[in-house]
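Inside the fold
Take a look at the letters that make up each chain.
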Amino acid sequence: MNENKQDNSKNLACIFCRKNDDCPNKYGEKKTYEKWNFSVHYYCLLMSSGIWQRGKEEEGVYGFLVEDIRKEVNRASKLKCTVCKKNGASIGCVVPQCKRSYHLPCGLQKECIFQFTGNFASFCWKHRPVQVITSNKYRDTFQCTICLEYIEPIPTYNILLSPCCKNAWFHRDCLQVQAINAGVYFFRCTLCNNTDIFQKEMLRMGIHIPEKDASWELEENAYQELLQSHDRCDVRRCHCKKGRDYNEPNSKWEVKRCQCCGSSGTHLACSTLQSLEQNWECLDCRRITYNSDFRKAPKHPLANSTNVTVTDCLLEESSPKLPRQSAGAQHKELLRYNLYYEAGKMVAISLVHGGTSPGFFSETLFNCLAYGPENTLPSLADVLDFDVAQIIIKINTAATINSLKSVVNECSSYLEFIGCLRLITSLNDKYTLVKDILFYHVIQRVQIPLESFKQGLKTLGVLEKIQTYPEVFYNILCRKPETLSAKSLSDLFTVHGLPDVQTLRFWKSYLQAVEDGTSATTMEDILVFTTGCRSVPPAGFKPPPSIECLHMDFPVGNKCSNSLALPIINTYKKFQENMDLTIKDTLRLEKEEGSPSLPWTLNVSSNEEMLL
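If you check an unreviewed UniProt entry, the chain appears there as G2/M-phase specific E3 ubiquitin ligase from Cricetulus griseus. Database annotation for the chain, UniProt heading Subcellular location (unreviewed entry): "Nucleus". Regarding the chain, the UniProt comment filed under Pathway (unreviewed entry) reads as follows: "Protein modification; protein ubiquitination."

As structure tokens, this is what we get:
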């Protein structure tokens, strides 16, 4: 092989297809062997019907013996191509009844399928495998998840559907280029990172996945710069007499790198740092991260002082005076918000470099990032504070204007503090009030950490792409609720009080009946009846859901304590009837009365966690 020269590859045509083209993505690598006086495309050699790899990998051409190649060329010279009508058609359709033969380029032109696996079968344009979709409920256009160009979501030769993600569509050419660059170890679904199912389907549809490492892994010293750490002092006034490049470990002249970018540094003494463990940020990163912290509050002048009403005063945004923080407290606040910047930056870098899909964003957080907070409508599901949720529910369920005024008067201190206190003139005012409370509690009060998180997501232009292609990123970033089952629901509840063995056995049998569909209720109904949630929140429940066995006829669900009281009854039939009747009637009455379930959890350690 070392004697083979490839300098004249552009002058010799392929011995099989008689084409001079050198296009690795379409025909495979083209090699010229002056020793045997021929050139060959890799794919033309692989797909030829009458040749097998009888030698070792280093023998002949990719393991194909030269005498076998010449025999195959001689065989193909007697076969006429169905497409171009010229001799030399070495590839035939694998279907026994089909007599079509063709050159590889002619087959590609007629949209034949070449499977680069197993026996390397070839299918003509009449017998090629196709992808079948179970439903036709797709939108008019989708985006290719590789090049992001819009395509019509109909499986064709040039448009392929991912077998593991129903919304992942690709151009065939985009997939082939990615497969060649990624190799068998890194070629996977761009949305869910599935490898086995995805590769199997792509091989069936004629995508060649080479058995090699990714091209970026094969480049020599590709990541050499990552091994070099910054060791220079970049502050405006360096106090080291030996210069900015001096770096002495375990001394005050040791260089500390910026914790955000790592591309700027300072001597410990030059920034009055006591140890290397202390956090330090360069001026550029500090300016980006904390830019939103020092914005001045907008002024709201009254439109006309002569026409001011009580409603205008109540609607005017309050500007509470906050106690002045010490320098240490301010530093801790800034450091905490900087962690949100770090989190956004890590998510951005992970996405760009093909990391696992985060899948934990709430829909509200995603909408804030993609469409802006001003275009986002939070829901009760986003409220994790129990007391605030109770206020919202009381306001929302007020049936008369007097009861609404009573609730507003009861919560006036809180409403005034958050700037949502308003004059109630009609019952419909409750909807505006609830909307204002939700917006403040979920979005407005966490604006600074949200801005820090967005700044981090701007790394490598990720936030811009999210805002440009929100539909593509929704499935990547947002969490998908866990499917409830009899086992998961049984494991979710802990037993409190004195357990009744028979009742607990009835409870497990009831869950199994619900899962099997022989009960009038669903898993979701049971969870809503007990906790108010339609799915298990990512952070879990607080307090944890519990069950207890009591001597009564019907079950009782307590959404405040996430507890379910099971009735102690002698027969399972009566137990199931009473459970079905109570749960279905309770949920029906709540729906008729407009009393929403309470889809929240109570484990809040900080204000900002609610948005995530």
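That shown, we press on.
**Notes on the overall build of the chain**
For the chain, the helix and strand inventory stands at 22 helices and 16 strands. Carbon together with sulfur atoms contributes 51% to the accessible area of the chain, which is approximately 34,400 Å² in total.

**Digging into the environment of G206**
Its location among the elements puts G206 in the loop between α6 (196–204) and α7 (215–218). With 77 residues separating them along the chain, G206 and P129 place their C-alpha atoms 9.2 Å apart. Not counting chain neighbours up to four residues away, the residues in contact with G206 comprise I113, F114, F116, R172 and Q176.

**Let's talk about the pattern of salt bridges**
Using the criterion set out here, one finds 13 salt bridges in the structure. Its salt-bridge partner being D234, residue R232 comes within 3.2 Å of it at the nearest N-O pair. A salt bridge links K454 to E451, with the nearest nitrogen and oxygen atoms 3.9 Å apart. Taken together, the residues span about one helical turn, with K454 and E451 both in helix α16 (residues 447–457) at a distance of three residues. Here K454 matches E451 in class, with each residue buried. Members of the salt-bridge network, linked through shared partners, are R232, D234 and D245.

**Considerations on the sheet that holds strand β16 (residues 563–567)**
A sheet is described by the order of its strands in space; here four strands give the open sequence β13-β14-β16-β15, paired in mixed fashion. Looking at strand neighbours, the two that pair on one side only are β13 (494–495) and β15 (556–558), the edges of this open sheet.

**A closer look at unusual backbone geometry**
The phi dihedral of K85 is positive, around 65°, even though this residue is not glycine. For K85, a relative accessible area of 54% gives the class exposed. One non-glycine residue, N193, lies in positive phi territory at about 65°. Examined against the element boundaries, N193 turns out to sit in the loop between α5 (172–186) and α6.

Cut-offs used in this document
- Residues numbered from 1 in each chain as written.
- Predicted model: local features only at pLDDT ≥ 70, side-chain atom pairs only at ≥ 80, totals over all residues.
- Heavy atoms only, no water.
- UniProt positions renumbered as here; feature names shortened; annotations may be inferred.
- Helix = DSSP H or I, 4+ residues; strand = E, 2+ residues; numbered from the N terminus.
- Areas by Shrake-Rupley, 256 points an atom, 1.4 Å probe, with all protein chains shown as cover.
- Contact = heavy atoms within 4.5 Å.
- Salt bridge = Lys/Arg side-chain N within 4 Å of Asp/Glu carboxyl O.
- Buried < 20%, exposed > 50% of the residue type's maximum accessible area, 1.4 Å probe, protein only.
- Pairing = 2+ DSSP bridges.

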